[in-house]
Amino acid sequence: MNRRLASPRLLHGSLAHAAEPRGAWARGFSPPGVWAEAVVALGANLGDRSETIVAAVAALRELPLVASVRVAPVIESVAVKPDGPDEDAPTYLNTVAIVRTRLAPAVLLAHLNRIEAEHGRVRMERWGDRTLDLDLVAYGDVRSDDPRLTLPHPRAADRAFVLEPWLALDPDAVLPGRGPVAHLARALSEPRPAPASRSLSEDARSAPETKRPATEDPS
Ligand code: A4P
Ligand code: MG
């Protein structure tokens, strides 16, 4: 039996595009057949943030084909906007949940989007303030570059508000393709090298190359 065609019985509502059985997105609708560990990032910076986070965790626990949900301590973080941290925006509460599930990745994402909608999530602008954001950070070792479901989440490695709670929950966590979460978190907490002045960079790049003698061992 074609399992991709069998999978739509798991679907409802916005999941109708499962009818396109090709590519990573379509594969994301196939039941994995085994229990997998999904990492979900939760964020809220509008409304009663803690009540929303608690309700979202309860909703994750009520999902079908979910065996367990472990939740990290909640942290408060400055809102990151496309231009950088925005001290004037309402601060976020963030946490991470590790969900043991047999829901296929795209089905799980559709449930996350439904839970966001039930908590009044409105999409107005990129990285805009929101009552609830639920991102699928990772799903086992699954890799996908489909914009509808990119796995792991493309910005997870750059975000302390994802890495720190994840690390608190699982000190041995690994972000597929990027390495141990502990290393990624440490790299973020280290001061970043400041870019040199433009003129210095240009001088360095236009400096004449020093030619090695032809006989020199290139190693
Ligand atoms: N999408 C693709 N892959 C995924 C995935 N792995 N998980 C698609 C979730 N969604 C994924 O998402 C935009 C599109 O990404 C969707 O169509 C989905 O199919 P969205 O939730 O509508 O919009 P968004 O969350 O604003 O976009 P994006 O680019 O996912 O934002 P981020 O990177 O999640 O950033 N600052 C603090 N302090 N704390 C935060 O939690 N969050 C954001 C959102 C910005 N600043 C923040 C925080
Ligand atoms: Mg999101």
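Predicted, not measured: the structure shown is a model, and the values here were computed from it.

Rules used in this analysis
- Residues numbered from 1 in each chain as written.
- Chains lettered and ligands numbered in written order.
- Predicted model: local features only at pLDDT ≥ 70, side-chain atom pairs only at ≥ 80, totals over all residues.
- Core = buried A, V, L, I, M, F, W, Y, C linked by C-beta atoms within 7 Å.
- Buried ≥ 20, exposed ≤ 12 C-beta atoms within 10 Å, placed from the backbone.
- Helix = DSSP H or I, 4+ residues; strand = E, 2+ residues; numbered from the N terminus.
- Contact = placed C-beta atoms within 7 Å.
- Near = placed C-beta within 6 Å.
- pLDDT = per-residue confidence, 0-100.
- Pairing = 2+ DSSP bridges.

**As for the nonpolar core**
Then step 1. Judged by nonpolar contacts, the single largest core of 45 residues is most densely connected at Val40, Ala97, Leu136 and Trp166.
Then step 2. Per-element accounting of this core gives the leading share, seven residues, to helix α4 (residues 105-118).
Then step 3. Residues contacting Ala97, with those up to four places away along its chain left out, are Val40, Leu42, Val57, Leu60, Val69, Arg70 and Val71.

**Considerations on the environment of Val78**
Then step 1. For Val78, the location among the structural elements is in the loop between β3 (75-77) and β4 (79-81).
Then step 2. Val78 gets classed as partly exposed once you count the C-beta atoms within 10 Å, which come to 16.
Then step 3. When the C-alpha atoms of Val78 and Leu93 are compared, they prove to be 9.1 Å apart, with 15 residues separating the residues in sequence.
Then step 4. With residues near it in sequence (within four places) discarded, Val78 still touches Pro85, Glu87 and Thr91.

**Topic: the environment of Arg61**
Then step 1. Along the chain, Arg61 turns up in helix α3 (residues 49-61).
Then step 2. Non-local contacts of Arg61, meaning those with residues more than four positions away in its chain, are made with Val66 and Val69.

**Quick word on the site of ligand 1**
Then step 1. Of all residues adjacent to ligand 1, which total 22 residues, the nearest are Gly43, Ser77, Val80, Tyr92 and Trp127.
Then step 2. Listed by contribution, the elements that provide at least two residues to the shell around ligand 1 are β4, β6 (92-101), β7 (133-139) and β9 (149-151).

**Here we look at the confidence of the model for the chain**
Then step 1. For the chain, the average pLDDT comes to 81, and 70% of its residues sit at 70 or higher.
Then step 2. The low-confidence segment residues 1-21 (pLDDT under 50) makes 25 contacts with residues lying over four places distant or belonging to another chain.
Then step 3. Note that residues 210-219 has pLDDT below 50 and, in this model, zero contacts with residues that lie over four places away or in other chains.

**Quick word on helix α5 (residues 160-169)**
Then step 1. Counting buried positions along α5 yields seven of 10 residues, so the element is predominantly enclosed.
Then step 2. Along α5, the residues classified as buried are Phe161, Val162, Leu163, Glu164, Pro165, Trp166 and Leu167.

**Quick notes on the environment of Arg49**
Then step 1. Within the element layout of this structure, Arg49 appears in helix α3.
Then step 2. Arg49 sits 44 residues away from Leu93 along the chain, and the two C-alpha atoms are 6.5 Å apart.
Then step 3. Arg49 has contacts with Ala44 and Leu93, leaving out every residue within four places of it along the chain.

**Things to note about the pairing of strand β1 (residues 36-44)**
Then step 1. Here β1 lies mainly inside the structure; seven of its nine residues are buried.
Then step 2. Looking at chain direction, β1 and β6 are connected through nine bridges and run antiparallel. Counted as the bridge partner of Ala38 is Val99 from β6.
Then step 3. Taken together, the six bridges between β1 and β7 define a ladder with antiparallel strand orientation. Across the sheet, the residue bridging to Ala41 is Asp135, located in β7.

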